[in-house]
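Remarks on the overall topology
One letter stands for each residue in the lines below.
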Amino acid sequence: MIGHLILRLTIWFLLTSDVSLINIIIGVTIAIVLPRGYTSREKLTEWIKVIGQILVAILVAYKEAFEIILRPHKQEEIIMETVKLKRSPLLVFIDIFLITFTPKTIVVKHHEEEGSYEVHYIKPKGK
């Protein structure tokens, strides 16, 4: 609670560049009145896995970009990938971002009720 108040006041003072008494009162009032956001509590192990996936996705993106430059990809297909169960909206967003980050794939649609993503994938001729 106090940490949120200090963060909001710091942002307020950085935005206004004014530490007068009236501005402090306005800043404290706004910091208290602003609604608290919903935060989901993912496990630390989930976040460590996601950070590892981000690092791998960066390397894969460079590799795929060079493959597309050296050998143009002419074939494409739509594949279905399953969503990991009980993922928070933030982790689902990161999953979709990681799939779309690599040059050969893009998420076309997320089927929440079925628990899957529709992924458009390009591949070299003959594979």
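Residues numbered from 1 in each chain as written. Predicted model: local features only at pLDDT ≥ 70, side-chain atom pairs only at ≥ 80, totals over all residues. Heavy atoms only, no water.

Looking at an unreviewed UniProt entry, one finds the protein named Multisubunit sodium/proton antiporter, MrpE subunit, with Anabaena cylindrica as its source organism.

A few words now on the overall build of the protein. For the protein, the helix and strand inventory stands at four helices and three strands. Relative to the globule expectation of 14 Å for 127 residues, the C-alpha radius of gyration of the protein, 22 Å, shows a markedly less compact shape. Across its three principal axes, the protein shows a C-alpha extent of roughly 70 × 35 × 25 Å. Expressed as a percentage of its 127 residues, the buried residues of the protein come to 25%. Counting only contacts in the protein whose residues sit at least 6 apart along the sequence, the fraction spanning at least 24 positions is 62%. When the accessible area of the protein is evaluated, it comes to approximately 9,700 Å², of which 70% is carbon and sulfur surface. Within the protein, one finds 16 positive and 13 negative side-chain charges whose respective centroids are separated by 5 Å. (Helix = DSSP H or I, 4+ residues; strand = E, 2+ residues; numbered from the N terminus. Rg over C-alpha atoms; globule rule 2.2 N^0.38 Å. Buried < 20%, exposed > 50% of the residue type's maximum accessible area, 1.4 Å probe, protein only. Contact = heavy atoms within 4.5 Å. Areas by Shrake-Rupley, 256 points an atom, 1.4 Å probe, with all protein chains shown as cover. Lys, Arg positive; Asp, Glu negative; His and termini not counted. Charge placed at Lys NZ, Arg CZ, Asp CG, Glu CD.)

This brings us to the environment of Thr10. Here Thr10 is to be found in helix α1 (residues 2-16). C-alpha of Thr10 to C-alpha of Gly27: the two residues are 17 residues apart in sequence and 9.1 Å apart in space. Separated by 2.7 Å, the side chain of Thr10 and the backbone oxygen of Ile6 make a polar contact. (Polar contact = N/O pair within 3.5 Å; in protein donor to acceptor, adjacent residues only side chain to side chain.)

Time to look at the domain arrangement of the protein. Often, the extent of an interface is quoted as the loss of accessible area on bringing the components together. You can read the domains of the protein as domain 1 (1-33) and domain 2 (44-123). Look at where the C-alpha atoms of domain 1 and domain 2 centre, and you get two points 40 Å apart. (Domains from an automatic or database assignment.)

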